[in-house]
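Residue-level listing of the chains:
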Amino acid sequence: MRPPRTASKGAPNMSEPVFSVFIEGNPVPAQRPRVNTRQKRAYTPTKYGEYKKYGSSFLRIFWKGKPPLTGALSIDVDIVLPRPKSRPRKGSLHRKFWTPEGSYLLPCRGDIDNYAKTALDCLTQGGVIQDDHLVVELNLTKKAGAIPGLKIVIRELPQPIT
């Protein structure tokens, strides 16, 4: 069976970005809701809740009240965490990737899928995308750099021609 034709030639994720932004600040991975057994209620951990509020309000300002995206989306997220102040200890996995300057891949501190959830929650609550179920392609990179934050690039994918 032949794959469906697309409206544009080339790879679908090579289209022009619809939205690109860098949310400066130390990214916080999504955390599971906690349960207070005395008050019998669930709550979101404070650090994650505050970062989600900060990120969504930041995105709301940059999106400038436009209607949310509703088509199939491709999203690239670069998670930039702060560089360690000193060289990692000998024998640690982190040391294999460490470089004295610039950014480098970071194989530790937080699961990458939890950082993706943080980015998608911020995009949804910031009014940039209607819902995170519209994302059909998600590319994630976790690295250490001089300026921590989330770099998000959104592309709309062409609809297949039937």
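The structure presented is a predicted model; accordingly, all values stated were derived computationally and were not measured.

Student: Explain the overall build of the protein to me, please; I cannot follow it from the model alone.
Tutor: Across its full length, the protein carries 3 helices and 9 strands. Of the regular secondary structure in the protein, the N- to C-terminal order runs β-β-β-β-α-β-α-β-α-β-β-β. A buried classification covers 33% of the 162 residues belonging to the protein. For the protein, contacts bridging at least 24 residues in sequence account for 81% of all contacts bridging at least 6. For the protein, the exposed area adds up to about 10500 Å²; of that, 54% sits on carbon and sulfur atoms.

Student: Would you take a moment to explain the side chain of Ser-56 for this structure?
Tutor: Along the chain, Ser-56 falls in helix α1 (residues 46-63). For Ser-56, a relative accessible area of 4% puts it in the buried group. A polar contact of 3.2 Å, which involves the side chain of Ser-56, links it to the backbone oxygen of Lys-53.

Student: Explain the confidence of the model for the protein here, please?
Tutor: Interpretation of the predicted coordinates at a detailed level should be avoided for regions scoring low in pLDDT. For the protein, mean pLDDT is 80; residues scoring 70 or higher make up 72% of the total. Per-residue pLDDT stays below 50 along residues 1-13; that stretch engages in 17 contacts with residues further than four places along the chain or on separate chains.

Student: Quick question: what am I supposed to make of the pattern of salt bridges here?
Tutor: Under the definition given, this model contains 2 salt bridges. Its salt-bridge partner being Arg-155, residue Asp-76 comes within 2.7 Å of it at the nearest N-O pair. In this pair, Asp-76 is assigned in strand β5 (residues 73-82) and Arg-155 in strand β8 (residues 149-156), connecting sequence segments 79 residues apart.

Student: What exactly am I supposed to notice about unusual backbone geometry here?
Tutor: A negative phi angle is the norm for most residues apart from glycine, just as the trans form is the norm for most peptide bonds. Even without glycine at this site, Lys-64 takes up a positive phi of about 60°. Position of Lys-64 among the secondary structure elements: in the loop between α1 and β5. Among the residues examined, Lys-64 registers a relative accessible area of 68% and is labelled exposed.

Student: Is there a simple way to think about the environment of Leu-123 in this case?
Tutor: Along the polypeptide, Leu-123 turns up in helix α3 (residues 112-125). Owing to a relative accessible area of 0%, Leu-123 belongs among the buried residues under this scheme. Expressed as a C-alpha distance, the spacing of Leu-123 and Trp-63, which sit 60 residues apart in the sequence, is 9.9 Å. Look past the residues within four positions of Leu-123 in its chain and what remains in contact with it is Leu-59, Ile-75, Val-128, Ile-129, Ile-152 and Ile-154.

Definitions and cut-offs
Residues numbered from 1 in each chain as written. Predicted model: local features only at pLDDT ≥ 70, side-chain atom pairs only at ≥ 80, totals over all residues. Heavy atoms only, no water. Helix = DSSP H or I, 4+ residues; strand = E, 2+ residues; numbered from the N terminus. Buried < 20%, exposed > 50% of the residue type's maximum accessible area, 1.4 Å probe, protein only. Contact = heavy atoms within 4.5 Å. Areas by Shrake-Rupley, 256 points an atom, 1.4 Å probe, with all protein chains shown as cover. Polar contact = N/O pair within 3.5 Å; in protein donor to acceptor, adjacent residues only side chain to side chain. pLDDT = per-residue confidence, 0-100. Salt bridge = Lys/Arg side-chain N within 4 Å of Asp/Glu carboxyl O.

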